[in-house]
Amino acid sequence: MNIKKLNVRITYTATLGNVEVSEKEYEALKDLAEHGSGDPFEDFDDQPRDAFKWLKDHIQENDDYDLKYEFDME
């Protein structure tokens with residue numbers, strides 16, 4: 001069998017509570033939240049890049065999360 005195109009979108013939601021962050025990290029996360037979302041691989045100024053780094057360092061896929069798969073196949 002040959003699949004011409006298979007798109008898989010995997011999203012999960014991680015909720016962190018009562019976390020301590022520096023003022024710089026707080027401002028970066030606040031700025032990211034105000035803009036809704038983003039792509040960590042895009043060219044950003046330092047502030048969103050700091051937010052994505054903090055998120056990467058504090059959210060692991062084996063943490064408790066709500067996982068959702070979406071498939072599209074041709």
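What counts, and at which threshold
- Residues numbered from 1 in each chain as written.
- Predicted model: local features only at pLDDT ≥ 70, side-chain atom pairs only at ≥ 80, totals over all residues.
- Heavy atoms only, no water.
- Helix = DSSP H or I, 4+ residues; strand = E, 2+ residues; numbered from the N terminus.
- Contact = heavy atoms within 4.5 Å.
- Areas by Shrake-Rupley, 256 points an atom, 1.4 Å probe, with all protein chains shown as cover.
- 1 Å grid on protein atoms, 1.4 Å probe; cavity = no way out; pocket = protein on both sides within 12 Å on 5 of 7 lines; lining within 4 Å.
- Points joined across faces, edges and corners; volume = space filled by probe spheres on them.
- Nonpolar A, V, L, I, M, F, W, Y, C, P; charged D, E, K, R; others polar.
- Salt bridge = Lys/Arg side-chain N within 4 Å of Asp/Glu carboxyl O.
- Patch = residues over 30% accessible without salt bridge, like charges linked within 9 Å, V, L, I, M, F, W, Y side chains within 5 Å.
- pLDDT = per-residue confidence, 0-100.
- Expected span 1.5 Å × (residues − 1).
- Buried < 20%, exposed > 50% of the residue type's maximum accessible area, 1.4 Å probe, protein only.
- Arc of directions from axis to C-beta.

### Describing the overall build of the protein
Within the protein one finds two helices and two strands. Counting from the amino terminus, helix and strand elements in the protein follow one another as β-α-α-β. Expressed as a percentage of contacts within the protein between residues at least 6 apart in sequence, the contacts between residues at least 24 apart total 72%. For the protein, the computed accessible surface area is about 6700 Å², with 47% contributed by carbon and sulfur atoms.

### Notes on the layout of surface pockets
Considered as a void within the structure, the second largest pocket measures approximately 170 Å³ in volume. If you trace the second largest pocket, you find it lined by Arg-9, Ile-10, Thr-11 and Tyr-12. Partitioned by chemical class, the residues of the lining of the second largest pocket number two nonpolar, one polar and one charged.

### Here we look at the pattern of salt bridges
Overall, the coordinates contain one salt bridge when judged by the stated rule. Its salt-bridge partner being Asp-57, residue Lys-53 comes within 2.8 Å of it at the nearest N-O pair. Taken together, the residues Lys-53 and Asp-57, both in helix 2 (residues 46-58) and four residues apart, mark about one turn of the helix.

### Some details on a nonpolar patch on the surface
Taken together, the side chains of Ile-3, Leu-6, Val-8, Ile-10, Tyr-12, Leu-67, Tyr-69 and Phe-71 present a nonpolar region at the surface, about 760 Å² in accessible area. Counting residues per element, the ones that place at least two in the nonpolar patch are strand 1 (6-14) and strand 2 (65-73). By the secondary structure assignment, Val-8 is in strand 1.

### Notes on the confidence of the model for the protein
Close inspection of predicted coordinates is inappropriate in any region flagged by low pLDDT. When pLDDT is averaged along the protein, the result is 76; 73% of the residues meet or exceed 70. Within the protein, no element has a lower average pLDDT than strand 2, which sits at 71, and none a higher one than helix 1 (residues 23-34), at 84.

### Re helix 1
Helical periodicity: at 3.6 residues per turn, an α-helix aligns residues three or four positions apart in one direction. For helix 1, which comprises twelve residues, the first-to-last C-alpha distance of 16 Å matches the rise-based estimate of 16 Å (1.5 Å per residue) to within 8%. Buried within helix 1 we find Ala-28, Asp-31 and Leu-32. In an axial view of helix 1, the angular spread of the buried residues amounts to 100°, which keeps them on one side of the axis. Turned more than 90 degrees away from the buried face of helix 1, the exposed residues are Glu-23, Ala-33 and Glu-34.

### Considering unusual backbone geometry
Its identity as a non-glycine residue notwithstanding, Asn-18 has a phi of 55°, on the positive side. For Asn-18, the position within the fold is in the loop between strand 1 and helix 1. Judged by relative accessible area, which is 79%, Asn-18 ranks as exposed.

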